[in-house]
Amino acid sequence: MARSRSGTRGRRGPRKPPRRDGAFGGQVQVVDPRERGAIELPSTVTVKELSEMLDVNPADIIRELIKSGIFATINQLIDRDTASLVAGELGYEVAEQVTDKVELGDEANGEGGVSEATKEVLYEEDEASLLVTRPPIVTVMGHVDHGKTSLLDAIRTTKVAAGERGGITQHIGASEIEKGGRKIVFLDTPGHEAFTAMRARGARVTDIAVVVVAADDGVMPQTLEAISHAKAAKVPIIIAMNKVDKPDANPERVKTELTEANIVIEEFGGDTPLVAVSAKTGTGLDDLLEMILLVADLQDLKANPKRPAIGTIVEAQLDKGRGPVATALVQTGTLRIGDIIVAGETFGRVKALENDLGKRVKQAGPASAVVVLGLSDVPQAGDILRVVADEKEARALVEQRKLAPAAKGGDGSGRATLEDLYRQIQAGQAKELRIILKADVSGSLGAITHSLEQVSSDEVRINVLHEGAGDITDNDILLASASNAIVVGFNTRITETARRGAEAEGVDVRLYDIIYKLTDDIEAALGGLLEPEIVEVIEGRAEVRQIIKVGKSTVIAGSFVTDGKIVRGGARVWRSGKVIATDRIESLRRFRDDVREVAQNFECGIGLAGFNDIVEGDIIECFTTQTVSRTVVR
């Protein structure tokens, strides 16, 4: 049932119906809110659109926003919650948002910019009564040799079902373990490279990121990269401080270095959990699993097992004996033998399913990893798998996907470049330029970051997703590709493989050796991101010297141009030093000829679109509006 989102306001009863200005200063009585049903509001709406939905004057909307400390213009976007509060203040009831969109893809393809792969997997959320709690899906990341694989092996060895050979599960790209009767799914592709590669393809498969840091080695470059990738994906982070059993372990140094990397652990008053573990001795493994379950509980992860399955391909290969074999992570719904499935640009009928223990199963519910047999071709890791009604629909969907890049006249990647970034994200309200920053030495990073901070404004900000010293590598390109960012290098170079990756992914890479050139380019890009300013230009004024009536209702003002020129466009009527009407010039004549403009010291006939109460001596001021690009002011 729809209900008001305006809190206690909804119980006070509606206000007196608001009045709206008529086109030329009159008053028009609008519909009583009590006679209107609950209003459906989109996720974002402009002030003007909201005024039209509520049938009120935009000034009423702006007035309510000012009361809440929001100074908005008529074309400014506001979010749904803000619009709900305004509507409630004006006496309207707002329908509850019961069809929120659940997105398996990641929004980091751009603020307001979602990849084509992501768009295909949007679906309406089910009723709350159909949702059940699902297990969390965890990715383990960290610096090389800090124990990612050892930690996963230790967890699997100690937590798999009793009786398995050696306690080791079959490797299918994901592992399922139990803790206290609850299941946790670990992706067996450690490293932020695989994690981000799937995000770059539009798939978000991870609920929690466990970042492994060796207690004897501390925070290393790949640790920082892993943290940056997890933050860019907006995934909760748990720090697993491994190798605490080693004699040279220094936990306090690790905690300090994490703080310097903007990861404040709970012990220091932050919100990032840190668990001390040892993959070698098994110390802290139970604590880590309990922390994962706690973080999962805070996210309230749920899915509907009764709907057709949607998931993500984790791994895929061609098996000589069995044909195309793919590991799928089911994220919602239930996948069953016999289902018609589409994955990327291939489809087929599910012939068999195998769990992570290598056993045949008939179905797989939410947060289950299974090997799928029956696809006609090998899909790519990160492709979205979904169940469709029949083979005809599957074939049509695959053909559509194959044709989509060609129809766009390019690869369709839509990656950000300094040239077209405004086009990519102008639809969003929050404007930002995402940057991966690399420099030759650490000392340069601070100077560049400081310079970039001076360029940012209140409306447009720079978001440095990751910064580091050294060459631009494949990992930098992956993060930029997944996050719709540009890569900026200062006094550094790009590796050959990274260059090829950037070309393939359409990632914009800029190399500089002078800081001011770097900041000038960024400033120009930010200038393109600013909303253009609408400037009013006064074209001219004319004095009304004669009133000519044409027919019953039309009035022509015989006028003399006293200043500038009169052109068709906006018009204001001045009388006794006050504006009495705002209208537009509908007709403009010299003698019997229609003209585009009339210069100073000439006479003309002016017909306004709707305001006819003109008297001799009135001043008609005409104006036009121009869109002016704005620049960032430092």
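Residues numbered from 1 in each chain as written. Predicted model: local features only at pLDDT ≥ 70, side-chain atom pairs only at ≥ 80, totals over all residues. Heavy atoms only, no water.

Remarks on helix α9 (residues 285–299)
In step 1: Its 15 residues give α9 an end-to-end C-alpha distance of 21 Å, which sits within 8% of 21 Å, the value for a rise of 1.5 Å per residue.
In step 2: Taken as a whole, α9 has its buried residues at L285, L288, L289, M291, I292, L293, V295 and A296.
In step 3: Downstream of α9 by one or two residues, D300 has phi in the positive range, about 55 degrees. (Helix = DSSP H or I, 4+ residues; strand = E, 2+ residues; numbered from the N terminus. Expected span 1.5 Å × (residues − 1). Buried < 20%, exposed > 50% of the residue type's maximum accessible area, 1.4 Å probe, protein only.)

Some remarks on the packing of helix α7 (residues 221–232) against helix α13 (residues 474–483)
In step 1: For the pair α7 and α13, interaxial distance at closest approach is 10 Å and the crossing angle is 10 degrees. The pairing of α7 with α13 is recorded here as roughly parallel in orientation. Contact residues: α7 offers Q222, E225, S228, H229 and A232, while α13 offers N475, D476, L479 and S483. (Axes fitted to C-alpha atoms, helices over the stretch in contact; angles between N-to-C directions. Parallel < 35°, antiparallel > 145°, perpendicular 65-115°, else oblique. Contact = heavy atoms within 4.5 Å.)

Observations concerning the sheet that holds strand β10 (residues 182–187)
In step 1: Pairing in this open sheet of six strands is mixed, and the strands run β9-β10-β8-β11-β12-β13 from one edge to the other. Strand pairing shows two members of the sheet lacking a second neighbour, β9 (174–179) and β13 (274–276), which therefore form its edges. In this sheet, neighbouring strand axes are inclined to one another by 30 degrees on average, regardless of whether the strands run parallel or antiparallel.
In step 2: Pairing of strand β8 (residues 137–142) with β10, which is carried by three bridges, proceeds in the parallel orientation. Paired with I137 across the strands is V185, a residue of β10.
In step 3: Sheet strands touched by α7: β8, β11 (208–214) and β12 (237–242). Its angle to β11, the strand with the most contacts, is close to 170 degrees.
In step 4: Against the sheet, α9 touches β8, β9, β10, β11, β12 and β13, its axis set at about 100 degrees to β10. (Pairing = 2+ DSSP bridges.)

Points about the environment of L385
In step 1: By secondary structure assignment, the location of L385 is in strand β23 (residues 384–388).
In step 2: A relative accessible area of 2% places L385 in the buried class.
In step 3: Spatially, the C-alpha atom of L385 lies 5.0 Å from that of G311, the residues being 74 residues apart in sequence.
In step 4: Excluding residues that lie within four positions of it along the chain, L385 makes contacts with A309, I310, G311, T312, I313, A328, L335, I341, V342 and A343.

Here's the deal with helix α3 (residues 80–89)
In step 1: Of all ten residues in α3, eight are buried; the element is thus mostly enclosed.
In step 2: Residues of α3 that are buried include every one of R80, T82, A83, S84, V86, A87, G88 and E89, and no others.
In step 3: In the stretch just after α3, G91 is the one whose phi turns positive, near 95 degrees.

Some points on the confidence of the model for the chain
A low pLDDT means the predicted coordinates there should not be read in detail.
In step 1: Residue-level pLDDT values for the chain average 77, and 75% of them are 70 or greater.
In step 2: Taken together, the stretch residues 160–170 has pLDDT below 50 and engages in 16 contacts with residues farther than four places along the chain or on a different chain.
In step 3: The model gives residues 405–414 a pLDDT under 50, and that stretch makes eight contacts with residues more than four places away or in other chains. (pLDDT = per-residue confidence, 0-100.)

A word on the pairing of strand β15 (residues 310–319)
In step 1: Both β15 and strand β16 (residues 323–332) contribute to a ladder of nine bridges, which runs antiparallel. Residue pairing across strands places I313 opposite A328, the latter belonging to β16.
In step 2: Counting the residues in the hairpin turn of β15 and β16 gives three residues.
In step 3: The pairing of β15 with β23 spans three bridges and is antiparallel. Bridging across to β23, T312 finds its partner in I384.

Topic: the environment of E40
In step 1: Relative to the helices and strands, E40 is located in the loop between β2 (27–29) and β3 (44–46).
In step 2: With residues up to four places along the chain from it excluded, the contact list for E40 reads M53 and A95.

Here's the deal with the pairing of strand β26 (residues 486–490)
In step 1: Counting buried positions along β26 yields five of five residues, so the element is predominantly enclosed.
In step 2: Residues I486, V488 and F490 of β26 are buried on one face, and the alternating residues V487 and G489, pointing to the opposite face, are buried as well.
In step 3: Of the strand pairs in this sheet, β26 and strand β27 (residues 509–512) are connected by four bridges, and their pairing is parallel. In the strand pairing of β27, V488 is matched with R510.

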